[in-house]
Amino acid sequence: MKNSIGREIPEVIEGYGKTIPFAGAFTIQPAMNRQAPKVKSMHPGRQKVVDTLESVFQQIPITDGMTLSFHHHFRNGDGVVNQVLATAAALGIKNLKVALSSVFPVHETLIAHMKNGVVTSLDTNYMSGPVAKAVANGVLAAPVVLRTHGGRARAIECGQLPIDVAFIAAPAADEYGNLNGVQGPAACGSLGYAFPDAEYADHVVAVTDYIVEYPLAPISIPQCRVDYVVKVDCAGDPKGIVSGTTKITKDPVGLKIAAMAAKVIEAAGLLKNGFSFQTGAGGVSLAVAHFVRQRMEQEQIVGSFALGGITGYMVEMLEKGFFKKLIDVQGFDLEAIRSIQTNPNHLEVSANFYASPFNAGCAVNKLDVVVLGATEIDVDFHVNVVTGSDGVIMGGSGGHADAAAGAKVTIVVANLLRGRLPIIVDQVLTATTPGETIDVFVTERGVAVNPQRPELLQQLVAAGLPVKEIQELKAMAEKIAGVPQKLKTSDRIVAVVEYRDGSVIDVVRQVNQ
Amino acid sequence: MSLRRTMLFIPGNNPGMLQNGGVFGADSVILDLEDAVAPQEKDAARFLVAQALKTVDYGTSEKVVRINPLDTFGAKDIQMIVPCQPDVLLVPKVESAQDIEGVTRLVAQAEMEGQKPVQLIALLETAKGIALAYQIAQTKGRLVALALGAEDYTAGLGAARTKEGQEIFTARSLVINAAAAAGIQSLDTPFTDANDEDGLYQDALTGKELGFKGKLAINPRQIDVIHGVLNPTAATIEWAEAVVQAIRKAEAEGSGVASLHGKMVDAPIVARAEHILQLARKLGVEVMQ
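Here is what the cut-offs are and how they apply
Residues numbered from 1 in each chain as written. Chains lettered and ligands numbered in written order. Predicted model: local features only at pLDDT ≥ 70, side-chain atom pairs only at ≥ 80, totals over all residues. Heavy atoms only, no water. Domains from an automatic or database assignment. Helix = DSSP H or I, 4+ residues; strand = E, 2+ residues; numbered from the N terminus. Buried < 20%, exposed > 50% of the residue type's maximum accessible area, 1.4 Å probe, protein only. Lys, Arg positive; Asp, Glu negative; His and termini not counted. Salt bridge = Lys/Arg side-chain N within 4 Å of Asp/Glu carboxyl O. Polar contact = N/O pair within 3.5 Å; in protein donor to acceptor, adjacent residues only side chain to side chain. Contact = heavy atoms within 4.5 Å. Nonpolar A, V, L, I, M, F, W, Y, C, P; charged D, E, K, R; others polar. UniProt positions renumbered as here; feature names shortened; annotations may be inferred. Pairing = 2+ DSSP bridges. Axes fitted to C-alpha atoms, helices over the stretch in contact; angles between N-to-C directions. Parallel < 35°, antiparallel > 145°, perpendicular 65-115°, else oblique. Left-handed = near helix turned anticlockwise from the far one by under 90°. Phe/Tyr/Trp six-rings, centres within 6.5 Å; stacked < 30°, edge-to-face > 60°. Lys NZ or Arg CZ within 6 Å of the ring centre and 35° of its normal. Right-handed = clockwise from strand over helix to strand, strands pointing away.

## Let's talk about the domain arrangement of chain B
Line of reasoning, step 1. According to the domain assignment, chain B consists of domain 1 (6-230) and domain 2 (234-283).
Line of reasoning, step 2. Using only C-alpha atoms to locate each centre, domain 1 of chain B and domain 2 of chain B end up separated by 30 Å.

Okay, structure coming up:
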């Protein structure tokens, strides 16, 4: 059957089950109760600290077919996933489902575990590097479930992603399971993506290389749901966890796009006191923040909050008074860690608070503007951030579809030509974020406005921005680079792309070799 | 006279930049075959620039190519580039009227029949070039502007190049004066620290106040700042309209001189007013025709 954006979705997908076809960004209304997590008890005098991962496996006990969850705050410096899965393999456990909020190149060892049957299922929001490539090439029999950050929190809360054991990489812990992300050698900042796992998993194991005297302060994840604390020699490599500083791009084309995006924000009438904003940590996205800041400075505008992944640049904007608050679900650099630790206006929030569609209101709903990227966009404004031009998985929604749905104005920025490929296509290979939630597409050669937003179109034209039809931009790109050949995909589904509400917006099919 | 507030250098050996050169809104792009290109890459760059001229849409930007001096690769550049219909050639290290005349002859030979004549801009970047600025500016035919290249010039003088630019004050004034005397444009030397926006602003302002009509740019980031300095303000546009109205009224009455608010309005003032109105039109401001 076809979903509402014309994607062919099987009614049942082997290894995934019955599908709910995507029917619009706000169509599904939940009529259910949240999953009731297991009730726990802990008698006085009992210890939570366990010497080895192996011992935790035995005490729980972890058995074949369980779901183990992990967060991705350690990014490419993560040591916990690999250590836990090595333990599982050594104990001969098979058929595990790994629910890891994002997969990075450091998780390459997963491939071996997939090949030898230790891991047979993967549930994630983003994946890059060798694991993504292996999945795209069909290493797993069952398709990977690709969710949004908000969608993962929703799935956990609604019982659609039941977790047997959550392994929480904790930069700092005390012996009774209070955790934070801001102390210790593997400090990573906010622990926001781990909150739902801690709350709902049957068993919660903190894995840390830094145990302090009870009670830990500050506390991000409290002792009440944490069953075990395991001390390992090294939980993560700081070099892969944080960057020293995140820098604005120097690429002139990227800067041109960013400057234009900032003008769009202003022309849309949103740059005024109380302005709220989300942008990525990448070079161009961060440059948008830079140009927005220049205008805020000139016009003496004080914004309300900046949201999302927090970088040193956003911290500076908070400290210099451009924003009153930062809402932080993930910190990217040392400055973000320093700030969240010391500044009461820098708030640590959960993935649920950030972006879940099924609660009484998430933070993305309060956004005026979000600036997002794309690997492809089509003439209906549907965006792909999952597969690259070769059809191989190289990313995922993360918060993309969530923020796009929530913000008053969603701006996608991208070079009209990437390498020698036009970025605008008739139909994206993989739809991640539906066009109905995308308002403006900004390139170095012009700006396209979603025809569903005629009032915005008028504002941008009135401001003298180079507004063009998206078809016109597509033709410009094709005049320069030609029309690329279509990729041929097989029938085999290697990933199911869930929209934030749990419906299926698209599937990723294996590329013909 | 063409608007040349900004003339952006694009390395002639960088395909990505050649392809994107038109997106930055510079009044002119200068596809560079000279300093940006190492000697062993000159041939490849010449082919690239020729292809770019034929295929890339530079939008409203004027297409300028900086060729090499005639004593190196200049003649080869002219032979291949001119038939690709650039608007202008920027001739480096010009030291005499003869240099421009030499280029003029080669350009005439290389032009195709019916081709829009290729104009020339002389880049003065030696003490001798500055000393002979007026003689060069008077070269008849294709020359539309003098540009100052201060880096080589100060190196030749043995003077340290500073942000304040005291060391190039005389050269700037001579170039501006020579160009004005010959009725062509003068264009200011680039500001070479692409990361110093405030420094660029000050430098462009100094150039504008001395009389330059435009400025060379080495980075797309510099364009908006320079335009910000050179664009007319609302007050100047109103003044320019008043000047043009006054002179038209006077002309209708049979006089070549008018007065505005008690001050005489003559030909140079009218020329300045017309330049301001031309700028305003380019910026989409509705002004009198």
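Following the structure, the description resumes.
## What to know about the side chain of Asp 209 of chain A
Residue and element names in this part refer to chain A.
Line of reasoning, step 1. When you line up the elements, Asp 209 lands in the loop between strand S11 (203-208) and strand S12 (211-212).
Line of reasoning, step 2. Of the side chains with opposite charge, Lys 231 lies nearest to the buried Asp 209, which makes no salt bridge, at 7.0 Å.
Line of reasoning, step 3. A polar contact is formed between the side chain of Asp 209 and the backbone nitrogen of Ala 235, at a distance of 2.8 Å.
Line of reasoning, step 4. Non-local contacts of Asp 209, meaning those with residues more than four positions away in its chain, are made with Ala 170, Pro 171, Pro 185, Ala 186, Lys 231, Val 232, Asp 233, Cys 234, Ala 235 and Gly 236.

## Looking at the interface of chain A and chain B
Bring the parts together and some accessible area is lost; that lost area is often taken as the interface size.
Line of reasoning, step 1. Listed as interface residues are eleven residues of chain A and, on the opposing side, ten residues of chain B.
Line of reasoning, step 2. Joining chain A to chain B, the criterion identifies zero salt bridges.
Line of reasoning, step 3. Joining chain A to chain B, the criterion identifies three residue pairs in polar contact (both at pLDDT 80 or more).
Line of reasoning, step 4. If you tally residues by element for the side of chain A that touches chain B, the top one is helix H8 (residues 252-267) of chain A, at five residues.
Line of reasoning, step 5. Split into classes, the residues belonging to the side of chain A that touches chain B amount to five nonpolar, one polar and five charged.

## Brief notes about the UniProt feature "binding site: Mg(2+)" (unreviewed entry) in chain B
Residue and element names in this part refer to chain B.
Line of reasoning, step 1. As recorded in UniProt, the feature "binding site: Mg(2+)" (unreviewed entry) lies at Glu 125 and Asp 152. Spanning 28 residues, the named residues nonetheless gather at one spot, since no C-alpha pair among them exceeds 5.6 Å.
Line of reasoning, step 2. If you trace the backbone, Glu 125 turns up in the loop between strand S5 (119-124) and helix H5 (127-131).
Line of reasoning, step 3. With relative accessibility at 4%, the residue Glu 125 sits in the buried group.
Line of reasoning, step 4. The residues touching Glu 125, leaving out its near neighbours within four places in the chain, are Pro 92, Lys 93, Gly 149, Asp 152 and Tyr 153.
Line of reasoning, step 5. A distance of 2.8 Å separates a polar side-chain atom of Glu 125 from the backbone nitrogen of Lys 93.
Line of reasoning, step 6. Looking at where Asp 152 falls in the secondary structure, it is placed in helix H7 (residues 150-157).

## Some points on the sheet that holds strand S17 (residues 346-348) of chain A
Residue and element names in this part refer to chain A.
Line of reasoning, step 1. Judged by pairing direction, the sheet is mixed, and its eight strands sit side by side in the order S17-S16-S15-S14-S18-S21-S25-S26 without closing on themselves. Two strands in the sheet have a free side with no partner beyond their single neighbour: S17 and strand S26 (446-449). Strand-to-strand twist across the sheet, computed as the mean angle between neighbouring axes with direction ignored, equals 20°.
Line of reasoning, step 2. Direction of pairing for strand S18 (residues 369-372) relative to strand S21 (residues 409-413): parallel, over a ladder of four bridges. Within S21, the residue paired with Val 371 across the bridge is Ile 411.

## Focus on the packing of helix H2 (residues 42-55) of chain B against helix H3 (residues 74-81) of chain B
Residue and element names in this part refer to chain B.
Line of reasoning, step 1. Between H2 and H3, the shortest axis-to-axis distance is 10 Å and the interhelical angle comes to 25°. With respect to H3, the element H2 is oriented roughly parallel. Regarding H2 and H3, the two cross each other, and that crossing is right-handed. Residues Asp 43, Arg 46, Phe 47, Val 49, Ala 50 and Leu 53 of H2 lie in contact with H3, whose contacting residues are Lys 76, Asp 77, Met 80 and Ile 81.
Line of reasoning, step 2. Class assignment of the residues belonging to the contact of H2 with H3 gives a composition of six nonpolar, no polar and four charged.

## Here's the deal with the packing of aromatic side chains
Residues and elements named next belong to chain A.
Line of reasoning, step 1. Tallied over the full model, the rule gives seven aromatic pairs over all chains.
Line of reasoning, step 2. Summarising the aromatic geometry, the rings of Phe 104 and Tyr 126 are spaced 6.1 Å apart at their centres and angled 40° between planes, so their arrangement reads as tilted. Residue Phe 104 is located in the loop between strand S5 (96-100) and helix H3 (109-115), and its partner Tyr 126 is located in the loop between strand S6 (119-124) and helix H4 (130-136); the two are separated by 22 residues in the primary sequence.
Line of reasoning, step 3. Exposure remark for Tyr 126: the relative accessible area of 28% places this residue in the partly exposed category.
Line of reasoning, step 4. Ring plane angle 25° and centroid distance 6.2 Å describe the contact between Phe 275 and Phe 323, whose orientation is recorded as stacked. With a gap of 48 residues between them, Phe 275 in the loop between H8 and strand S14 (276-279) and Phe 323 in strand S16 (residues 323-331) connect regions that are remote in the sequence.
Line of reasoning, step 5. Among the residues examined, Phe 275 registers a relative accessible area of 0% and is labelled buried.
Line of reasoning, step 6. In this structure, Lys 48 is placed above the aromatic ring of Tyr 176, and the distance from its NZ or CZ to the ring centre is 4.4 Å.

## Notes on the pairing of S16 of chain A
All names here are of chain A.
Line of reasoning, step 1. Of all nine residues that make up S16, seven are buried, and the element is covered over most of its length.
Line of reasoning, step 2. The pairing of strand S15 (residues 303-310) with S16 spans seven bridges and is parallel. Residue Ile 310 lies in a different strand from S16, and its bridge partner there is Gly 331.
Line of reasoning, step 3. Regarding the hand of the β-α-β motif, the stretch spanning S15, helix H10 (residues 312-319) and S16 is right-handed.
Line of reasoning, step 4. When S16 meets S17, the two strands line up parallel, connected through three bridges. Paired with Ile 327 across the two strands is Leu 347, which belongs to S17.
Line of reasoning, step 5. In this fold, the crossover linking S16 to S17 by way of helix H11 (residues 334-342) has right-handed handedness.

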